[in-house]
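# Structural features, examined
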Amino acid sequence: DLVLDGSSAITWIGAGAPYVSFSGVDTREPVAFDYLYGSFRGMTYSNIMYLGSGRLLVPRMQIGVASTAWGIAADGVLGIGPTSSGLGTLQNSLDQTIPTITDRLFGEGSITRPAVGIFFQPIFPNTVNYGEITFGGSNPQMYDKQVRYVDITTTAPSSRYWGIDLRVTYGKKKILDYTAGIVDCGCTFIYLATDAYDRYKAATGGIVNEANGLLQISLAEYDALSDLNFHIGEQIYRLIPNAQIWPRSLNEKIEGGANDIFLIVKPLTTPTGAGCDFINGYVFLQRFYTVFDDQRHQFGIARHKFTKAIAN
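Starting afresh in each chain, residues are numbered from 1 along the sequence in its written order. For this predicted model, a pLDDT threshold of at least 70 governs which residues receive local features, and a threshold of 80 or more governs which side-chain atom pairs are given and counted, while totals over whole chains, interfaces and linings are taken from all residues. Side-chain numbers here rest on the full set of heavy atoms in the structure, without hydrogens or water.

### Concerning the overall build of the chain
Counting its regular elements, the chain contains 4 helices and 21 strands. Both definitions apply: the radius of gyration is a C-alpha atom measure, and the globule rule equals 2.2 Å times residues to the power 0.38. In summary, the chain has a C-alpha radius of gyration of 20 Å against a globular reference of 20 Å for 312 residues, a match within 12%. For the C-alpha atoms alone, the extent of the chain along its principal axes is close to 60 × 40 × 40 Å. Sequence-distant contacts, at least 24 apart, represent 65% of the contacts inside the chain between residues at least 6 apart. For the purpose of charge, His is not counted, nor are the chain termini; Lys and Arg are scored as positive and Asp and Glu as negative. Charge coordinates come from a single atom per side chain, which is NZ of Lys, CZ of Arg, CG of Asp or CD of Glu. The chain carries 24 positive and 28 negative side-chain charges, and their two centres are separated by 7 Å. Where helices and strands are cited, they refer to DSSP runs of H or I of at least four residues and of E of at least two residues respectively, numbered from the N terminus. Residue contacts are counted whenever heavy atoms from the two residues lie within 4.5 Å of one another.

### Side note on the packing of aromatic side chains
Note on ring pairs: Phe, Tyr and Trp rings are taken, using the six-membered ring of Trp, and paired if centres are within 6.5 Å. Classes follow the plane angle, with under 30 degrees stacked, over 60 edge-to-face and the rest tilted. Counted under the stated rule, the structure contains 14 aromatic pairs. What links up through ring pairs into an aromatic cluster is the set Phe119, Phe124, Tyr130 and Phe306. Across the ring face of Tyr222, the terminal group of Arg248 is positioned such that the distance to the ring centre comes to 5.4 Å. Consider the ring centre and the ring normal. A charge sits over the ring if Lys NZ or Arg CZ is within 6 Å of that centre and within 35 degrees of that normal.

### Concerning the layout of surface pockets
Taken as a whole, the largest pocket holds about 1400 Å³ of empty space. Elements that contribute at least two residues to the lining of the largest pocket include exactly β1 (2–5), β3 (25–35) and α4 (282–285). For the second largest pocket, the calculated volume is near 570 Å³. Lining the second largest pocket are 19 residues; nearest its centre among them are Gly52, Leu78, Gly131, Glu132 and Ile133. Among the elements that line the lining of the second largest pocket, the one with the most residues is strand β8 (residues 131–135), at 4 residues. With a 1 Å grid spanning the protein atoms alone, the term cavity applies to any set of points in which a 1.4 Å probe fits but cannot get out, the term pocket to an open set with protein on both sides within 12 Å along at least five of seven lines, and the term lining residue to any residue with an atom within 4 Å of a point. Grid points are joined across faces, edges and corners, and a volume is the space filled by probe spheres set on the points.

### Regarding the sheet that holds strand β15 (residues 228–232)
When DSSP finds two or more bridges between two strands, those strands count as paired. Read from one edge to the other, the open sheet built from 7 strands follows the order β16-β15-β10-β11-β19-β12-β18, with strand pairing classed as mixed. Of all strands in the sheet, those bounded by a partner on one side alone are β16 (235–239) and β18 (265–267). Within the sheet, the average angular offset between the axes of one strand and its neighbour, ignoring direction, is 35°. With 3 bridges joining them, strand β12 (residues 190–192) and β18 adopt parallel strand pairing. Residue Tyr191 lies in a different strand from β18, and its bridge partner there is Lys266. Think of each axis as a best-fit line through the C-alpha atoms, taken over the contacting stretch in the case of a helix, with angles from 0 to 180 degrees between the N-to-C directions. Taken strand by strand, helix α2 (residues 194–204) contacts β10 (163–170), β11 (173–183), β12, β15 and β18, and its axis lies near 135° from that of β11.

### What about the nonpolar core?
Residues Ile101, Ile190, Leu192, Tyr200, Phe230, Ile232 and Phe284 are the most contacted members of the largest nonpolar core, which totals 71 residues. When residues no more than four places from it in sequence are discounted, the contact partners of Ile232 are Val150, Ile164, Leu166, Tyr237, Phe284 and Ile301. Residues enter a nonpolar core if they are buried and are Ala, Val, Leu, Ile, Met, Phe, Trp, Tyr or Cys, with the set joined through side-chain atoms within 4.5 Å. Relative accessibility under 20% of the residue-type maximum defines a buried residue, over 50% an exposed one, and the middle range a partly exposed one, all with a 1.4 Å probe and only protein chains included.

That's the geometry; what it means functionally is another story.
Okay, here's the thing in structure tokens:
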């Protein structure tokens, strides 16, 4: 099992089970990558990669094999970041990028353009949760109406990743002025610059829970929550109150009581103006269909049937 990550270009394995291959070629290139909460070090190999129970074949895929790994709760990472996010990964060639899965599929003619469509649904209690990755574009069956695109930001360092410009409001209150940040399926939560986080915290009445670091609110405060609005392009993408809380069915995994209510917004370590003032992670992607288009250097987003679902 691999973690899907939108902030890195490299795919690697070996954090758990050892790598055993009779066909892989050791390319003798040391690799390393540091994530928000984790890292790995290892060597690259060239091999055939199979995805989706072997339904999709990626020939001559350059993968990393970990010698050391930290903070990764899986056997490795499936990197679907833009090609530019691979800069600095190859330790003997820091100014070179590493081909991504979409690069290889596009180069082989298996897909018409290097783009990835992503669908996640919210976590419903006692159900099998569904997600889907579409290489080469989007799957219209997974979203409502149309995907709307915005250009990747020009603000560094967000411009190296799936970075976009947006502003955030809570109801009618300003939380974050128009600024750059990234969309990343490899992060669980939504992260805001420290000053924006403080404004959200004050607006919701949340108090930091010492056990898990999340903002905790009462049932009355939950009932009073407003929408958290992301102004992207000419559209407003709203997280309804239920989309702003951690799934209560999973409270035990974060040291919470069964009826506790936790918000899914956390602080970054820097104030506004650092070049990456937000990270919209997995909890955001559960509510919107997204497309990462490396050929057009654009990010696409659409609503789907679970955008306003009461799941948490």
